[in-house]
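Take a look at the letters that make up each chain.
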Amino acid sequence: KKCEKKHALLKWAVKTGDVAKLDELYQGGASLEQPCFGIDRGVVFGTAERGHVEMMRYLCDHGADVFTGNSKDGVTPCCMAASNGHEGVIRVLYEYGADIEQPDNEGYTPCCVAAQEGHTNVVRCLADLGADVNTPDSESGSVFWSWCVL
């Protein structure tokens, strides 16, 4: 029961972006690698998906794995943030050394998914950080081409 309650509180903290609650739970022994958003979708992925910049910085500062794609589809936290239009999270991930060009298992890079989702601000951000907009995806060609049809 105590573990279930901690898990529910951790999930709530991530959903709401409550860094103070996350810190309280972490200091009380909660794992930052705890899956809480489906298979292999833990605190880092929930934070990337929701765009909580300060929470992502907290996770990076406390050693959470922000580099590895999940085992199901290879989606990285950077891909997750890009597909949801969260430029600030991408900048934090880049600042902490995340590979902004790491593709998922289907070959989609963060730049590709941002372009496909119409997040031109994220495509520009990734390009400014050095991502290759000419990297082909598995369906439509380069990011640049995908971006042009938006």
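Just so you know, these numbers come straight off a predicted model, no measurement behind them.

1. Some remarks on the overall build of the protein chain
Right, on to step 1. Broken down by element type, the protein chain carries nine helices and zero strands.
Right, on to step 2. Ordered by position from N to C terminus, the α and β elements of the protein chain give α-α-α-α-α-α-α-α-α.
Right, on to step 3. The buried share of the protein chain, taken over its 150 residues, is 43%.
Right, on to step 4. Considering only intrachain contacts with a sequence separation of at least 6, the fraction spanning at least 24 residues in the protein chain is 63%.

2. Comments concerning the pattern of salt bridges
Right, on to step 1. Enumeration according to the criterion identifies four salt bridges in this entry.
Right, on to step 2. Notably, a salt bridge pairs Glu-87 with Arg-91, separated by 3.2 Å at the nearest N-O pair. A residue pair is termed a helical-turn pair when its members lie 3 or 4 positions apart in one helix, as Glu-87 and Arg-91 do in helix H6 (residues 87–95) at four residues.
Right, on to step 3. Taking relative accessible area as the criterion, Glu-87 reaches 25% and is therefore assigned partly exposed.
Right, on to step 4. Given the relative accessible area of 36%, Arg-91 is considered partly exposed.

3. Quick look at the nonpolar core
Right, on to step 1. Leu-22, Met-56, Leu-59, Ala-82, Ile-90, Leu-93 and Leu-126 are the most contacted members of the largest nonpolar core, which totals 43 residues.
Right, on to step 2. Counting residues per element, the ones that place at least two in this core are helix H1 (2–16), helix H2 (19–27), helix H3 (43–50), helix H4 (53–61), helix H5 (77–83), H6, helix H7 (110–116) and helix H8 (120–128).
Right, on to step 3. Not counting residues within four places of it along the chain, the set of residues in contact with Leu-126 comprises Ala-82, Ile-90, Ile-100, Pro-110, Cys-111 and Ala-131.

4. A short note on the environment of Glu-106
Right, on to step 1. Assignment of secondary structure puts Glu-106 in the loop between H6 and H7.
Right, on to step 2. Relative accessible area serves as the criterion here: at 57%, Glu-106 is assigned to the exposed category.
Right, on to step 3. Counting along the chain gives 32 residues from Glu-106 to Gly-74, while the straight-line C-alpha distance between them is 8.1 Å.

5. Quick look at the confidence of the model for the protein chain
Note: predicted coordinates in regions of low pLDDT should not be interpreted at a detailed level.
Right, on to step 1. Mean pLDDT over the protein chain: 85, with 83% of residues reaching 70 or higher.
Right, on to step 2. When mean pLDDT is taken per element in the protein chain, H6 scores highest with 98 and helix H9 (residues 143–148) scores lowest with 52.

6. Comments concerning the side chain of Asp-104
Right, on to step 1. Of note, Asp-104 is situated in the loop between H6 and H7.
Right, on to step 2. Beyond its immediate stretch of four places on either side in the chain, Asp-104 contacts Asp-73, Gly-74 and Val-75.

What counts and what doesn't
Residues numbered from 1 in each chain as written. Predicted model: local features only at pLDDT ≥ 70, side-chain atom pairs only at ≥ 80, totals over all residues. Heavy atoms only, no water. Helix = DSSP H or I, 4+ residues; strand = E, 2+ residues; numbered from the N terminus. Buried < 20%, exposed > 50% of the residue type's maximum accessible area, 1.4 Å probe, protein only. Contact = heavy atoms within 4.5 Å. Salt bridge = Lys/Arg side-chain N within 4 Å of Asp/Glu carboxyl O. Core = buried A, V, L, I, M, F, W, Y, C linked by side-chain atoms within 4.5 Å. pLDDT = per-residue confidence, 0-100.

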